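What follows is each chain in one-letter form.
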Amino acid sequence: ETGVTQTPRHLVMGMTNKKSLKCEQHLGHNAMYWYKQSAKKPLELMFVYNFKEQTENNSVPSRFSPECPNSSHLFLHLHTLQPEDSALYLCASSLEGVETEAFFGQGTRLTVV
Amino acid sequence: EDQVTQSPEALRLQEGESSSLNCSYTVSGLRGLFWYRQDPGKGPEFLFTLYSAGEEKEKERLKATLTKKESFLHITAPKPEDSATYLCAGPPGARQLTFGSGTQLTVLP
């Protein structure tokens, strides 16, 4: 266990559905991240939060909406996704932003049908 | 734009056969990098941080080194449980980390 917990581990959703991914970290870290990992591609940073404030939004489509209510919790709200959004979505946290190593959750395997 | 390149893409070794993985990147000034291990269907697991040229770190059968232009992950006498994809990313302190595509290592018994 890395101290970063993601739920659910697997999710199948239709293109008209609305769902949310949840991430919780028990490490006392101040920064949290959402990454997307597609087959045969490097990890892609989606969003960064430092002390609950969003500091990076990597040109992510608006059908992905992040929420960070406090330093320990991070959500990714999904709506009207496309099949090409199917991927492994990873949450990570680090003590002091990208200066320090990030610890990843186990990921949510998302399939859009 | 920073680019991180890992080689080889895939590596098959016999148990006990030592080898090295490479990570090179182009950045405006050397600032180190991170190494991770990723098992199928799981999130990356942090291994090492290297901050400056000449720095070395070890963990069990793994040893990471950093030069001015690239990093190596040396695997000594690997075992089947070392099979995984090894990722490098950097640099620490950048506005965004850039990840390489990884080296998929398979160690055969």
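If you're wondering where the values come from, they're calculated on a predicted model, not measured in any experiment. (Residues numbered from 1 in each chain as written. Chains lettered and ligands numbered in written order. Predicted model: local features only at pLDDT ≥ 70, side-chain atom pairs only at ≥ 80, totals over all residues. Heavy atoms only, no water.)

A.B. asks: I'm lost on the nonpolar core in this one. Help?
C.D. replies: A general feature of soluble globular proteins is that nonpolar side chains tend to end up buried together. Membership of the largest hydrophobic core comes to 22 residues, with the highest contact counts inside it found for Trp 34, Phe 64, Leu 76 and Leu 78 of chain A. Secondary structure elements with two or more residues in this core: strand E2 (10-13), strand E3 (18-25), strand E4 (31-37), strand E5 (44-50), strand E7 (64-70), strand E8 (73-79), strand E9 (87-98) and strand E11 (108-112) of chain A. If near-sequence neighbours (up to four positions away) are discounted, Phe 64 of chain A is found in contact with Met 46, Phe 47, Leu 76, His 77, Leu 78, Leu 81, Asp 85 and Tyr 89 of chain A. Residues Leu 13, Ala 84, Tyr 86 and Cys 88 of chain B belong to the second largest nonpolar core, which totals 21 residues. (Core = buried A, V, L, I, M, F, W, Y, C linked by side-chain atoms within 4.5 Å. Buried < 20%, exposed > 50% of the residue type's maximum accessible area, 1.4 Å probe, protein only. Helix = DSSP H or I, 4+ residues; strand = E, 2+ residues; numbered from the N terminus. Contact = heavy atoms within 4.5 Å.)

A.B. asks: Please clarify how the pairing of E5 of chain A should be interpreted in this entry.
C.D. replies: A regular strand carries its side chains on alternate faces of the sheet. Residue and element names in this part refer to chain A. The buried fraction of E5 amounts to five of the seven residues, a majority that puts the element mostly inside the structure. Summarising the sheet, E4 and E5 pair through six bridges and their orientation is antiparallel. The partner of Ala 31 across the bridge, within E5, is Asn 50. In textbook terms, the turn of a hairpin is the stretch between consecutive antiparallel strands, and for E4 and E5 this stretch comprises six residues, one of which, Lys 40, has a positive phi near 65 degrees. Both E5 and strand E6 (residues 53-57) contribute to a ladder of four bridges, which runs antiparallel. Looking at E6, one finds that Tyr 49 is bridged to Gln 54. (Pairing = 2+ DSSP bridges.)

A.B. asks: I tried to follow the packing of aromatic side chains on my own but got confused; where do I start?
C.D. replies: Working definition: an aromatic ring pair is given by the centre-to-centre distance plus the angle between the planes. For the structure shown, the criterion picks out ten aromatic pairs over all chains. The interplanar angle of 85 degrees and the centroid separation of 5.6 Å between the aromatic rings of Tyr 35 of chain A and Phe 99 of chain B together place this pair among those described as edge-to-face. Highlighted residues: Tyr 35 of chain A in strand E4 and Phe 99 of chain B in strand E10 (residues 98-99), drawn from two different chains. In this structure Tyr 35 of chain A comes out as buried when scored by relative accessible area, which is 2%. With 6.2 Å between their ring centres and 80 degrees between their planes, Phe 104 of chain A and Phe 99 of chain B make a pair best called edge-to-face. Of this pair, Phe 104 of chain A sits in strand E10 (residues 102-104) while Phe 99 of chain B sits in strand E10, each in a different chain. Of the two residues, Phe 104 of chain A and Phe 99 of chain B, both sit in the buried class. A connected cluster of aromatic rings, assembled from ring pairs, spans Tyr 33, Tyr 35, Phe 103 and Phe 104 of chain A together with Phe 34, Tyr 36, Phe 46 and Phe 99 of chain B. (Phe/Tyr/Trp six-rings, centres within 6.5 Å; stacked < 30°, edge-to-face > 60°.)

A.B. asks: Hey, could you run me through the sheet that holds strand E1 (residues 3-7) of chain B in this one?
C.D. replies: Strands belonging to one sheet form pairs held by backbone hydrogen bonds; the direction of such a pair is parallel or antiparallel. Residue and element names in this part refer to chain B. Here we have five strands laid out as an open sheet, ordered E1-E3-E8-E7-E6, and antiparallel in their pairing. Of all the strands in the sheet, just E1 and strand E6 (56-59) have a single pairing partner and so form its edges. Direction aside, neighbouring strands of the sheet carry axes that sit 15 degrees apart on average. In this sheet, strand E8 (residues 70-75) lies alongside strand E3 (residues 19-26) in antiparallel orientation, the contact comprising six bridges. Its bridge partner being in E8, Ser 20 is matched across the sheet by His 74. (Axes fitted to C-alpha atoms, helices over the stretch in contact; angles between N-to-C directions.)

These values are about where atoms sit, not about what they do.
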